[in-house]
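Summary of the model geometry
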Amino acid sequence: MRNLHNALLLKQLYLLRELGYRYTDVTPSDLEPDPVELPDTLESLEKTVTNCHLCDLSKSRHKTVFGEGDPHAKLMFVGEGPGATEDSTGRPFVGRAGELLTRMIENVLHLRREQVYIANIVKCRPPGNRVPTPEEALTCRPYLMKQIELIRPRIIMTLGGTAYRYLTNDETPVSRVRGHIIRSEGYLLIPTFHPSYLLRNPSAKKLAWEDLIKVKELLNTL
Ligand code: SF4
């Protein structure tokens, strides 16, 4: 799988840099690992993630947080990464921010949480809830891309700036792109604020609610 290959290649280049190399005449083809295929079922993919040690986040995690929900969901939420509660339970969005996300799903979309799919950019908790580094996000990204390929959601809502940036490679602040409907390969992407941000800034909830209503209207047309 191309994305995983690129992630492994990037990891090797970071390693060379840490060892003091500033230039290398090693070409990508020299570094090319055996083709690595990710499994074609969510169950097997989750097992792969559970045993993953591709980046440093594996050293401090207690549990990997693969994601959960309807494997055929039309709507998928993508957040940044697990927090402390998620790290101890192995489930995404189960802390205070998760409770707010659940209320948003139930009260605005009138769906049950089990009817959508919820995942993160990185599957292991960054220590102290810091933002994942570009290396960590790029290394873990192939798992998320495979989840998207298998679930085939029609709409993806990114939660917060980090999820939007790492999924799209677009640096535009989330405050400027939230609520936009962005056509992507096979799905519509709608960025909104992260529930943690909404807990700290309750006045922004109104805007997030507007974004969710847009999603609800789109879901009704699918
Ligand atoms: S964050 Fe992703 S790439 Fe890093 S160890 Fe966890 S599962 Fe592997």
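All chains use their own residue numbering, which begins from 1 and follows the written sequence. Where totals are concerned, whole chains, interfaces and linings use all residues; where local detail is concerned, this predicted model gives features only for residues with pLDDT of at least 70, and gives and counts side-chain atom pairs only at 80 or more. Computation of side-chain values: all heavy atoms of the structure, hydrogens and water removed.

Note: pLDDT gives the predictor's confidence per residue, expressed from 0 to 100. For the protein chain, mean pLDDT is 90; residues scoring 70 or higher make up 84% of the total. A contact between two residues is defined here by any heavy atoms of the two lying within 4.5 Å. Segment residues 26-35 is flagged for pLDDT under 50; beyond a separation of four residues in sequence, or across chains, it makes nine contacts in the model.

Glancing now at the site of the ligand. Nearness is judged by heavy atoms alone; a residue qualifies as near a molecule or strand once a single heavy atom is within 4 Å of it. Neighbouring the ligand are the residues Cys52, Leu54, Cys55, Leu57, Ser58, Arg61, Lys123, Cys124, Thr139, Cys140 and Tyr143. Definitions used throughout: a 1 Å grid over protein atoms alone; a cavity as a set of points that fits a 1.4 Å probe which cannot get out; a pocket as an open set with protein on both sides within 12 Å along at least five of seven lines; a lining residue as one with an atom within 4 Å of a point. For a cavity or pocket, the test is whether more than half of a molecule's atoms lie within 2 Å of its grid points; if they do, the molecule sits there. Counting atoms within 2 Å of the grid points, the majority share of the ligand lands in the largest cavity. Only runs of H or I of at least four residues qualify as helices and only runs of E of at least two qualify as strands under DSSP, and these elements are numbered from the N terminus. Listing elements by their share of the shell around the ligand, those giving two or more residues are α4 (57-60) and α7 (134-151). Per-element tally for the shell around the ligand: the top contributor is α7, with three residues. Of the residues contributing to the shell around the ligand, the split by class is seven nonpolar, two polar and two charged. Charged means Asp, Glu, Lys or Arg here, nonpolar means Ala, Val, Leu, Ile, Met, Phe, Trp, Tyr, Cys or Pro, and polar covers whatever is left, Gly included.

Take unusual backbone geometry next. With a phi angle near 50°, phenylalanine 93 is a residue other than glycine that sits in the positive phi range. Take phenylalanine 93: it is sitting in the loop between α5 (84-89) and α6 (96-107). Although it is not a glycine, histidine 110 adopts a positive phi angle of roughly 55°.

All right, on to the pairing of strand β2 (residues 75-79) then. Working note: regular strand, side chains alternate between the two faces of the sheet. Where burial is concerned, most of β2 is hidden: five out of the five residues are buried. In this scheme, a residue with accessible area under 20% of its type's maximum is buried, one over 50% is exposed, and one in between is partly exposed, where area comes from a 1.4 Å probe on protein chains only. Of the two faces of β2, the one lined by Leu75, Phe77 and Gly79 and the one lined by Met76 and Val78 are each fully buried. In terms of strand pairing, β2 meets strand β4 (residues 155-159) through four bridges, oriented parallel. Residue valine 78 lies in a different strand from β4, and its bridge partner there is threonine 158. The sheet contact formed by β2 and strand β3 (residues 117-120) spans four bridges and is parallel. Residue pairing for β3: glycine 79 is matched across the bridge by asparagine 120. Between any two strands, pairing holds if DSSP finds at least two bridges.

Expected helix span is computed as 1.5 Å times (number of residues minus one). For α6, with 12 residues, the first-to-last C-alpha span of 16 Å sits near the 16 Å given by 1.5 Å per residue. Taken together, the buried positions of α6 are occupied by Ala97, Gly98, Leu100, Leu101, Thr102, Met104 and Ile105.

Moving on to the packing of aromatic side chains. Between 30 and 60 degrees the pair is tilted, below 30 it is stacked and above 60 it is edge-to-face, where a pair is any two Phe, Tyr or Trp rings, Trp via its six-membered ring, whose centres lie within 6.5 Å. Counting across every chain of the model gives one aromatic pair. Look at NZ for Lys and CZ for Arg. If either is within 6 Å of the ring centre and within 35 degrees of the ring normal, a charge sits over the ring. Lying over the aromatic face of tyrosine 166, arginine 165 brings its terminal NZ or CZ to 5.2 Å of the ring centre.

A word on helix α11 (residues 205-221). Along its 17 residues, α11 runs 25 Å from first to last C-alpha, staying within 8% of the 24 Å computed at 1.5 Å per residue. Buried within α11 we find Ala208, Asp211, Leu212, Val215, Leu218 and Leu219. End-on view of α11: buried residues confined to an arc of 115°, all on one side of the axis. Away from its buried face, by an angle of more than 90 degrees, α11 presents the exposed residues Lys206, Asn220 and Thr221. The inward-facing, buried residues of α11 abut β2, α6, β4, β6 (187-192) and α10 (195-200). Directions pointing from the helix axis toward each C-beta atom define the arc.

Okay, the pattern of salt bridges next. The rule for a salt bridge is simple: a side-chain nitrogen of Lys or Arg has to be within 4 Å of a carboxyl oxygen of Asp or Glu. Taken as a whole and assessed by the stated rule, the structure comprises 10 salt bridges. For lysine 146, the salt bridge goes to aspartate 40, with nearest N and O atoms at 2.6 Å. Residue lysine 146 is located in helix α7, and its partner aspartate 40 is located in the loop between α2 (28-31) and α3 (42-50); the two are separated by 106 residues in the primary sequence. On the accessibility criterion, lysine 146 (6% relative accessible area) is buried. Residues glutamate 149 and lysine 146 are paired through a salt bridge, measuring 3.2 Å at the closest nitrogen-oxygen approach. Residue glutamate 149 and its partner lysine 146 are both found in helix α7; the two are separated by three residues, about one turn of the helix. On the basis of relative accessibility, which here comes to 45%, the residue glutamate 149 falls in the partly exposed class. Three or more residues joined by partner-sharing salt bridges are found here, namely Arg178, Lys206, Glu210 and Asp211.

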